[in-house]
Amino acid sequence: MQRHEPQSLGDLLRREMEMSRSGPLIDEVDAINAWPLVIGEGIAAKTLKPRMKNGLMTIRVPSAPLRQELNMMRAAIARAINTEIGKDTVKELKFIGL
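Conventions and cut-offs
- Residues numbered from 1 in each chain as written.
- Predicted model: local features only at pLDDT ≥ 70, side-chain atom pairs only at ≥ 80, totals over all residues.
- Heavy atoms only, no water.
- Helix = DSSP H or I, 4+ residues; strand = E, 2+ residues; numbered from the N terminus.
- Contact = heavy atoms within 4.5 Å.
- Polar contact = N/O pair within 3.5 Å; in protein donor to acceptor, adjacent residues only side chain to side chain.
- Pairing = 2+ DSSP bridges.
- Axes fitted to C-alpha atoms, helices over the stretch in contact; angles between N-to-C directions.
- Core = buried A, V, L, I, M, F, W, Y, C linked by side-chain atoms within 4.5 Å.
- Buried < 20%, exposed > 50% of the residue type's maximum accessible area, 1.4 Å probe, protein only.
- Expected span 1.5 Å × (residues − 1).
- Arc of directions from axis to C-beta.
- Phe/Tyr/Trp six-rings, centres within 6.5 Å; stacked < 30°, edge-to-face > 60°.

*Asks:* Looking at this structure, I do not really get the environment of T47. What am I missing?
*Replies:* Relative to the helices and strands, T47 resides in the loop between α3 (41–45) and β1 (51–53). Other than its neighbours up to four places away in sequence, T47 contacts W35, I59, R60 and V61. Within the structure, the side chain of T47 is placed 3.0 Å from the backbone oxygen of A44, a separation counted as a polar contact.

*Asks:* Is there a simple way to explain the sheet that holds strand β3 (residues 92–96) in this structure?
*Replies:* Strand order in the open sheet formed by three strands is β1-β2-β3, and the pairing between neighbours is mixed. Each edge of the sheet is formed by a strand with only one pairing partner; in this case those strands are β1 and β3. Looking at each pair of strands side by side, their axes are set apart by 20° on average, direction ignored. Relative to strand β2 (residues 56–60), β1 runs antiparallel, the two sharing three bridges. The residue of β2 that forms the bridge with M52 is M57. Sheet strands in contact with helix α5 (residues 74–85) are β2 and β3, and its direction is about 125° off that of β3.

*Asks:* Please explain the nonpolar core as it appears in this structure.
*Replies:* Soluble globular proteins: nonpolar side chains tend toward being buried together. Residues W35, M57, I77, I81, V90, L93 and F95 are the most contacted members of the largest nonpolar core, which totals 18 residues. Of all the secondary structure elements, the ones that give two or more residues to this core are α2 (23–39), β2, α4 (64–72), α5 and β3. It is α2 that provides the largest number of residues to this core, a total of five residues.

*Asks:* Hey, could you run me through α5 in this one?
*Replies:* Between the first and last C-alpha of α5 there are 17 Å, a value that for 12 residues agrees with the 16 Å anticipated at 1.5 Å per step. Among all positions in α5, only I77, A78, I81 and N82 are buried. Buried positions in α5, seen along its axis, are confined to an arc of 135° and lie on one side of it. Opposite the buried face of α5, by more than 90 degrees, sit the exposed residues R79 and T83.

*Asks:* Honestly, unusual backbone geometry in this entry has me stumped. Any pointers?
*Replies:* Glycine aside, a negative phi is what most residues show, and trans is what most peptide bonds show. With phi around 50°, N54 is a residue other than glycine that occupies positive phi space. Owing to a relative accessible area of 69%, N54 belongs among the exposed residues under this scheme.

*Asks:* In this structure, what is going on with the packing of aromatic side chains? I would like to understand it.
*Replies:* By convention here, two paired aromatic rings are described through the distance between centres and the angle between planes. Overall, the coordinates contain one aromatic pair when judged by the stated rule. Taken together, a centroid distance of 6.2 Å and an interplanar angle of 45° make the contact between W35 and F95 tilted. Taken as a pair, W35 in helix α2 and F95 in strand β3 lie far apart in primary sequence, 60 residues in all. Look at F95 and you get buried, because its relative accessible area is 9%.

What is shown is where atoms sit, not what they do.
The following block contains the structure:
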């Protein structure tokens, strides 16, 4: 009988998810969770929670001036999110009004 070292449940689940097809979905959730870390809590509080689908992150922004400012920085924001999560998940950002 072969003995194995004890492993945490989190490590087992993470490894299983990486091996399963749900990996891209986990990456999208990671990208959504990185939004306030990258953009800052103040600005994140003024936007609705982002949505992700097929590399497109859509963020609802109620203020037109803030939407325009974020729109001009969208390439840098996408790079920062991808750097934060360590994967090239966010291909494009789209800022829309409420």
